[in-house]
Each structure stands twice: as structure tokens, then as C-alpha cells.
Amino acid sequence: MSATSTAGSSAPGAFAPARIVFFGLGAVGSALLICLSELAERDEVPVHFVVYVLNPDAARDALFHAERLFDRIDFIGVSDFAPIFALAPEHEAELKQASVLVNAALPEFNGAMIDLALRIGAHTVDLASDMYDATTERTLTFAQYQYEQALRERGIAALINMGISPGVTNFLVGRRMHELLAADRKDLEVESIDLYLLEDIDSDSIIFSWSPIVALEELAQQPRILNKGRMQVLEPFSAARDYAFPKEPQPVRQYPLYQEELLSFHRSFPGVESIGVYTGGSEVELVKALFQLNLLSKRTLPHQPELTVEAMVRAILPGMNKPRRIEEYLRNGAIRRAHFAAAAEIRVSEVVRNDRQTAIETVGLSYLRYHDLLGTPYAGATYISYPTAVGAAILAWHALEHERESPGDLAGVVAGEDLARLLPRMRADAIRRDLVAWDIDLFESVRDASEV
């Protein structure tokens, strides 16, 4: 792994010591902390971490290849996060110097974390939104936006939905969309944005890259797409299509998915009338099989009305593997190949030579060097948690560096596509170089739509 790029580096000593506070430290959070520390070391920025967790021993174990960082981390065990978010007196000393708060636990904590940030004047970073809370269901707007005005008045930013997808996907699409819209041509029309995701692993055992319960909940929900300006609700695993990802030998079956990018793109680019997010790969096919066998049914079991079929399946599913176990699978060859990829197709029409022509512009990313994590501090990460953490760290780091240089530029709620618009070209280019330096390949192309 080449993580020594100097792209976007700052002058030595440019930062005052920064305190970054984590809430939770699981598979993504631990890799996120490692990447932030690597970025800080590269840019010669002194950083100290405070980590609030329910189980400090488990948090330390998640960093079992990064013990050298322990002298920069305060692990604080708590039985409940509520007193921390309420800025209880016993936590004031730990929080008063915080410059960044990171929700590496649950999306439900986003609001409470922003409330705390407003009190202490810190920026926030979250990895996902609660897609099914009452506010989002009713308004199709993330709950974090209710803090927009307060954040702007306080002069701080809430970086939302950071990661690889959502996160880097938003940044890549936003970068191209803002370039297209900046042309200000009345004849140019963006007809649609379709995002395709691949989560594929070839292994001797069933290995979940995410919590199996989270995977079931997300993939078995009724998916949605924006079609000609109207939000449509579909049946799970319906409206399938095939997509040919770079570096894949054959097209992969893709199914609609209700994920953050759908609402985020709809908010940022309201003129685009058709938007869809699709996903496929081995993990998706496993959940599809459970769904089609009625093993995710809400029906009760015969003679056991208190137990549903779905609850029984959840109870017997294997849990997510611990980092040490994941590393063992890598070392002994049980995991033969793993590929995470995302490709966004932006369909653009414009008048060329007195005729309307349509092109498909593709921007995307691919993470295919999973085995290269062996021998690095990330060796226990999954092929999904690693790119998610690296994506979040790189986006957040460059955003906060820019905010330090130009205070107030990023105040309010800021998603990945907003960063593509707000950051100067030099900083946006540094993000792209850093993604590649941390083994996330980027690709883009343009083709005639008639070739499809």
C-alpha cells in the first residue's frame, strides 16, 4: 500500500493540535481513525483522539495492528452515550477542546451529535443517515438538514454521509454535475443519474462484509427510484438490470436499492427527473435467496405465534467476523477475491451539429486490492469497511483543511456533492490523488448513448 503521497500536504506546523472525538469504534470507525492518523502524520498535524465506546477492550482489539497509536488515544468506556451528548459535567473536560466529532456508531446519533457540536463549536462527521425515520420518510430529506440554519449561524459544518458510498460516490458525481451545470447551456439537459454498486466476494465461507442484520434490513426494504420526477416504490429485487463493471469478467445483476445517494442527488440536482441506485454481487444474491424462500417473512411460526420466520433467521445467522478472524481468512486463502465498485452513469443530451445527441458520462471507483491490506494496520478490515473508512477520512480531512484555510466556507450541512462544488480545484484534485494513494482506483469515460 502506498500511503505516502504528498498530495494536498500543508506546511509543517500549520495546524494547532487537534482533538477528534469518536462515538463508537467498530469495523469502519477503527480504519477511519487509522487513516486520519496517517493523513495527520503526512501533513505533520498533531492530533489526539478521544474514543467513547461501550467496550474499550473491543475497541483496542479493533486496532490490533495499530497499537503504536494508543498513546494518542483516550479510550473511555461508557454504558450510555446520552450523558456525553448532553455535555454532562464529567465529560466537559474531554469535549471542550474538540475540533471534530465523528459518529462511528449509529445514524440515530447524528442529531444528538450535532446538538453537542453546536454547544461546543466543533465540526461533525457522520457516515450514514437514518433513511427510515419519520422525518425522512415524510419529507424525503435527511434529518440533519433541520440544523442547517443553526450550523451556519455558529459557523461550523456537519459533513454528512461521508464514506465510499455514500460519500466518494457523491463527490465524483457532484464534481461532474457541477462542471456540466457551470457550462450554462440552455440546450444541455441531464436526463438521468444511475448509480451501480458491486459488493462481491469469493470465499470458502459465508463472510458478511457488514452486519448481517443491517444487510437484511437494507436489502429487504422496498426500494425506490425517481422516475420522471416522481418517487416510485418497488418490490424488493424487482426491476433488475445487468451492468458491466470494469475489471469484472461478465455483467452483474443489479437491483434497485433505497440508499442515501437517491435523496442526496434529488436535493442537489432537482432538475434531474430520473435517479436510481442499484446494487448487486454475491452478498446481495444471498439476501435475495433468503427473501425468495420467504425466510424474511413477517409470518409467525406454527404453534409459536410469538416468533416470526424473519426473527428466527436473524437469530441463527452468523455474526459479523471479528478483525482478527477476517485477517486469518485473508492469510489462509479462504477469501480468494473481493471487489467493491461503484459506477455512476450520467445521461446528458445536447444539440450537436443541429441535431440532439445523447451521451453517457461515467464516473466511478474500484477497490480490488484487498489482499494488499495484509501487513498494514488495516489487515482486519473487510473489503467494504476499508474503502468506506478511507473515503470518509480523505473527504473529511481535506474539507477540514480547507475550512481551516478559509473559515466559514463549509458552514452548514455539507454532503459529498457539496464538497465537489465548494472546494477549490487544487483541493478536489488532492482528494482524487489521495484516494488512489490509498488503493481506491478511479475511472471515467464518455460514450454515445446509442451504443447501449
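Not measured: the values here are computed from a predicted model. (Residues numbered from 1 in each chain as written. Predicted model: local features only at pLDDT ≥ 70, side-chain atom pairs only at ≥ 80, totals over all residues. Heavy atoms only, no water.)

1. Considering the pairing of strand β12 (residues 274-280)
Short version of the rule: Residue exposure (1.4 Å probe, protein chains only): buried if accessible area is under 20% of the type maximum, exposed if over 50%, otherwise partly exposed. Secondary structure is summarised from DSSP: a helix means a run of H or I of at least four residues, a strand means a run of E of at least two, and numbering begins at the N terminus for each. Any two strands with at least two DSSP-identified bridges between them are counted as paired.
With seven of seven residues buried, β12 is to be regarded as a mostly interior element. Neither face of β12 is exposed, since S274, G276, Y278 and G280 on one face and I275, V277 and T279 on the opposite face are all buried. Two strands pair when backbone bridges link them, and strand β7 (residues 189-203) and β12 are joined in this way by seven bridges, in the parallel orientation. Within β12, the residue paired with L195 across the bridge is V277. In this structure, strand β11 (residues 252-256) lies alongside β12, joined through two bridges in antiparallel fashion. Residue pairing for β12: P256 is matched across the bridge by Y278.

2. Observations regarding the packing of helix α8 (residues 168-182) against helix α16 (residues 425-437)
How we decide: Axes here mean lines fitted to C-alpha atoms, for a helix over just the part in contact, with angles spanning 0 to 180 degrees between N-to-C directions. Angles are sorted into four bins: roughly parallel if under 35 degrees, roughly antiparallel if over 145, roughly perpendicular if 65 to 115, and oblique for all others. Each helix crossing is assigned a hand: it is left-handed if the near helix lies turned anticlockwise from the far helix by less than a right angle, otherwise right-handed if that turn is clockwise. Residue contacts follow a heavy-atom distance rule, with two residues in contact if any of their heavy atoms lie within 4.5 Å.
Contact geometry of α8 with α16 gives a least axis separation of 12 Å together with a crossing angle of 140 degrees. With respect to α16, the element α8 is oriented oblique. In this structure, α8 crosses over α16, and the sense of that crossing is left-handed. Side by side, α8 and α16 meet where V168, F171, L172, R175 and E179 of the first sit next to R425, A428, D429, I431, R432 and L435 of the second.

3. Brief notes about the sheet that holds strand β17 (residues 412-414)
If you walk across this open sheet you meet the seven strands as β3-β2-β1-β4-β5-β6-β17, and the pairing is parallel. The strands lining the two open edges of the sheet, one partner per strand, are β3 (73-77) and β17. On average, each strand axis in the sheet is inclined to that of its neighbour by 20 degrees, with strand direction left out of account. As paired elements, strand β5 (residues 123-126) and strand β6 (residues 157-159) share two bridges and run parallel to each other.

4. Considerations on the pairing of strand β15 (residues 335-352)
On a regular strand, each side chain points to the face opposite its neighbour's, so the side chains alternate between the two faces of the sheet. Pairing between β7 and β15: 14 bridges, direction antiparallel. From the neighbouring strand, E199 faces β15, where its bridge partner is F340. The turn linking β15 back onto strand β16 (residues 355-367) is made up of two residues, and R353 within it adopts a positive phi angle of 55 degrees.

5. With respect to unusual backbone geometry
Note the cis peptide between S165 and P166, where omega equals 5 degrees. You can see P166 is positioned in the loop between β6 and α8. Although it is not a glycine, K247 sits at a positive phi angle of roughly 70 degrees. With respect to the helices and strands, K247 occurs in the loop between β10 (241-243) and β11.

6. Considerations on helix α12 (residues 309-316)
Put simply, the rule is: Regarding the arc, it is the one traced by the directions from the helix axis to the C-beta atoms.
Of all the residues in α12, the buried ones are V309, E310 and V313. Relative to the axis of α12, the buried residues are bounded by an arc of 100 degrees and lie together on one face. Along its buried surface, α12 packs onto β13 (300-301) and β14 (304-308).

7. Notes on the packing of α8 against helix α10 (residues 260-268)
Across the interface, α8 lies against α10 with an axial gap of 11 Å and an inter-helix angle of 30 degrees. Relative to α10, the element α8 is oriented roughly parallel. Crossing hand, α8 versus α10: right-handed. Contact residues: α8 offers T169, N170 and V173, while α10 offers E261, S264 and F265.

8. Overview of the nonpolar core
What counts, and what does not: Among buried residues, the Ala, Val, Leu, Ile, Met, Phe, Trp, Tyr and Cys ones that are joined through side-chain atoms within 4.5 Å form a nonpolar core.
F22, F23, Y52 and L101 are the most contacted members of the largest nonpolar core, which totals 128 residues. With 11 residues, the single largest contributor to this core is helix α14 (residues 385-405). If near-sequence neighbours (up to four positions away) are discounted, F23 is found in contact with Y52, F81, I84, F85, L101, V102, N103, A104, A105, M113 and L116.

9. A short note on the packing of aromatic side chains
How we decide: Only Phe, Tyr and Trp rings take part, Trp by its six-membered ring, and two of them pair if their centres are within 6.5 Å. Stacked means planes under 30 degrees apart, edge-to-face means over 60, and tilted covers everything else.
Per the counting criterion, the structure on display carries 18 aromatic pairs. Summarising the aromatic geometry, the rings of Y196 and Y243 are spaced 4.2 Å apart at their centres and angled 10 degrees between planes, so their arrangement reads as stacked. Residue Y196 is found in strand β7, and its partner Y243 is found in strand β10; the two are separated by 47 residues along the sequence. The burial state of Y196 is the same as that of Y243; both residues are buried. Taking the centre distance of 5.0 Å and the plane angle of 80 degrees together, the rings of Y378 and Y386 count as edge-to-face.

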